[in-house]
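# Overview (structure and organization)
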Amino acid sequence: MPNPPIGFYPYVKRRCLQVATNVTEQKHHVTREIRGKNLGLCRGFRGCTVWLTGLSGAGKTSIAFELEAYLVSRGIPAYGLDGDNIRTGLNKNLGFTPADREENIRRVGEVAKLFADSGVVAICSFVSPFADDREMARKIHKDADLKFYEIFVDTPLNVCESRDVKGLYKKAREGVIKGFTGITQEYEKPEKPELIVNTDGFTIKESTQKVIALLEEEGIIPKTLRDVEKLPELYVQDSVKEAIINEAKSLPSVPITQVELQWLQVLAEGWAYPLKGFMREDEYLQTLHFNSILTEEGAFRENQSVPIVLSVSTENKEKLDGVSAITLNYEGKPVAILRKPEFFYHRKEERLSRQFGTSHPNQPYIKMVMESGDWLVGGDLDVIERIRWNDGLDQYRLTPNELREKFTEMKADAVFAFQLRNPIHNGHALLMQDTKRQLLERGFKKPVLLLHPLGGWTKDDDVPLPVRMAQHQAVLDSGVLSRDDTVLAIFPSPMMYAGPTEVQWHAKARMNAGANFYIVGRDPAGMPHPDKEMYPDGNLYDATHGARVLKMAQGLDSMEILPFRVAAYDKSVSRMAFFEPKRKEEFEFISGTKMRTLAKTGANPPDGFMEPKAWKILAEYYQSLSKQ
């Protein structure tokens, strides 16, 4: 006879269990402290049990799995023990008699204790309707000196019954199931739970956040792990702005370049959170050697693959060493105050070789670094006002917080970002359309595309930002990409062409802006080697390494990296399509060089390669260069 459904508890006389008397508890060689130092990305012993109790349909399992995903993505080992899952395995020999019911909870309590003792957050979701059973599970943990948190998912019966995912309430009302909890079997509400959560009218994420807040208060989760609703920005408040301006005028100052102003904007708006300013030496060393930085309390590492530093000349270093604050000027105007400056020597070859894998002086960003000051200065920033470029594009320069608000307004349940510094052809559009299709198939209701061209410094032969933005707008106007679920914005970072190292920065910054999926293509952030004879393919980086490194990078755990499918022009159907090796003779790869040649000469690409109005904008730009 199969087991009755969960929640079915007919009364049968309790059976006696034989107790072993010839066992002795053995002590582990590994202490909890040692486990905490070595287990997970987020250091420290965090083993405990979160016990979710409530009626069937209350939302226990949904909260449990959401919490599990949240913790694991942040480097905290966690595992969900679900009532249905346990009864299909460990406890499949148990029915629903009072004795079996008690044994079910006892076994789960013991298993949860073992998980917790190993440093894992055990998340148990069980109806567990009787207070004595729950108290037994608590005592198992108390005797082992482990924390136990009882969470009462107090969702009203009528709400649980309206959900009735398993159809159990209907059967109980019809009398098919006898003794069903909440209908004909009493549920004993917890008298003093650590937390009460009501899922009626709240999303799963909102309900889970209440549990997260409890774990933060209890010290299980470092508070910096929280998905902050608003990133700290480094712009000063309006109430103190005038005082800061007056202070800036009184301080010694150094000039900064346009590229350094772009990095200042990146820092001020929170793209590089949790950085609070230009890097000090410890942050700089961690970035160069680990591609990540420790959080303030040292619990875990945030991805930070590129150094964000400010250089000064030896003359300025000697003049400013020992001061408490420095004003940063751009074109003679104070833009920020650098607090408690820390000077350290700028070992350019070491920096470049670690970041780029080369210090070749003909790489354009490397050339800028080699020409910069021989000292670096780090410190916290007070940025006087929002940085504007007054180029007609400032409305597209949305900060991470503004983007998050935009996604919320659009009711996005998934945000996928596409990083690009080139014009969009229909192969790019195909990739973005296909990504949306995949997300919809996975159950997301409103995936939103963050179309996010890089807007900082680029090398001279790249297409300028105004031309790219006009070309992107034409693609949206044509309907190739839908405006209803696309946000076109500018990413203010300079471009370094540092390959797999830089692509981590591009992903981390979009993660700070609220993206949880990231499309990465071939040779991201790459360029030809300055010495084209150095490697067989002529490139500085292997075309596949960026995507591969991203999937393994530390500190990007809450972002899923989406694989890039190569698109080419399918001559058999006269449109861009995903490349099929078996039909390779029917595909044509239209390189950037060929595209530029066509544009300069006034020739058109094959039909279906690029939206015609978008191509016209690009062609006019290249033809203007030819005339010049």
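Residues numbered from 1 in each chain as written. Predicted model: local features only at pLDDT ≥ 70, side-chain atom pairs only at ≥ 80, totals over all residues. Heavy atoms only, no water.

In the annotation of an unreviewed UniProt entry, the chain is listed under the name Bifunctional 3'-phosphoadenosine 5'-phosphosulfate synthase isoform X2 and assigned to Musca domestica. Annotation of the chain in UniProt includes, under Pathway (unreviewed entry), the sentence "Sulfur metabolism; sulfate assimilation." (UniProt positions renumbered as here; feature names shortened; annotations may be inferred.)

## Section: the sheet that holds strand S16 (residues 486–488)
The strand order S16-S15-S14-S17-S18 describes an open sheet built from five strands, whose pairing is parallel. Both edges of this open sheet fall to S16 and strand S18 (560–562), since each of them pairs with a single strand only. Along the sheet, successive strands turn relative to each other by an average axial angle of 25°, direction set aside. Looking at chain direction, strand S14 (residues 414–420) and strand S17 (residues 517–519) are connected through three bridges and run parallel. Across the sheet, the residue bridging to Phe416 is Phe517, located in S17. (Pairing = 2+ DSSP bridges. Helix = DSSP H or I, 4+ residues; strand = E, 2+ residues; numbered from the N terminus. Axes fitted to C-alpha atoms, helices over the stretch in contact; angles between N-to-C directions.)

## Quick look at the side chain of Ser207
With respect to the element layout, Ser207 can be found in helix H8 (residues 204–217). Apart from the residues within four sequence positions on either side, Ser207 is in contact with Ile63, Val197, Asn198, Thr199 and Phe202. (Contact = heavy atoms within 4.5 Å.)

## Points about the UniProt feature "domain: Sulphate adenylyltransferase catalytic" (unreviewed entry) in the chain
Feature annotation in UniProt assigns "domain: Sulphate adenylyltransferase catalytic" (unreviewed entry) to the following positions: residues 394–621. Spanning residues 394–621, this segment combines 36% helix with 14% strand, and its end C-alpha atoms are found 22 Å apart.

## Things to note about helix H20 (residues 592–601)
Regarding H20, the residues found buried are Met595, Leu598 and Ala599. Viewed end-on, H20 has its buried residues packed into an arc of 95°, placing them on one side of the element. Summarising the geometry of H20, the exposed residues directed more than 90 degrees from the buried face are Thr593 and Thr601. Its buried side turned inward, H20 meets helix H21 (612–627). Backbone geometry just downstream of H20 places Gly602 in the positive-phi region, at approximately 80°. (Buried < 20%, exposed > 50% of the residue type's maximum accessible area, 1.4 Å probe, protein only. Arc of directions from axis to C-beta.)

## Quick look at the nonpolar core
Ranked by size, the top nonpolar core spans 80 residues in total, and within it Trp263, Leu264, Phe278, Leu328, Leu381 and Trp505 carry the most contacts. With 43 residues, the next largest nonpolar core counts Met432, Leu439, Ala599 and Met610 among its residues. (Core = buried A, V, L, I, M, F, W, Y, C linked by side-chain atoms within 4.5 Å.)

## Quick look at the sheet that holds strand S19 (residues 567–570)
Here we have three strands laid out as an open sheet, ordered S20-S19-S21, and antiparallel in their pairing. Edge positions in the sheet fall to strand S20 (575–578) and strand S21 (587–588), since each of these pairs with one other strand and no more. One ladder, built from four bridges, connects S19 with S20; its direction is antiparallel. Paired with Ala567 across the two strands is Phe578, which belongs to S20. Sheet strands touched by helix H16 (residues 426–441): S19 and S20. Its angle to S20, the strand with the most contacts, is close to 50°.

## A closer look at the pattern of salt bridges
All told, the structure shown has 34 salt bridges when counted by the stated rule. Across the pair Lys241 and Glu385 runs a salt bridge, and its minimum N-O distance is 3.1 Å. Here Lys241 is found in helix H9 (residues 238–250), whereas its partner Glu385 is found in the loop between strand S13 (375–383) and helix H15 (400–409), with 144 residues between them in sequence. As a salt-bridge pair, Asp461 and Lys459 come within 3.0 Å of each other at their nearest N and O atoms. (Salt bridge = Lys/Arg side-chain N within 4 Å of Asp/Glu carboxyl O.)

## A word on the side chain of Asp394
Mapping Asp394 onto the fold places it in the loop between S13 and H15. Of the residues examined, Asp394 reaches a relative accessible area of 13% and is grouped as buried. At a separation of 3.1 Å, a polar atom in the side chain of Asp394 contacts the main-chain amide nitrogen of Trp389. Within polar-contact distance, the side chain of Asp394 engages the backbone nitrogen of Asn390 at 2.8 Å. Contact partners of Asp394, with chain neighbours within four places excluded, come to Arg388 and Trp389. (Polar contact = N/O pair within 3.5 Å; in protein donor to acceptor, adjacent residues only side chain to side chain.)

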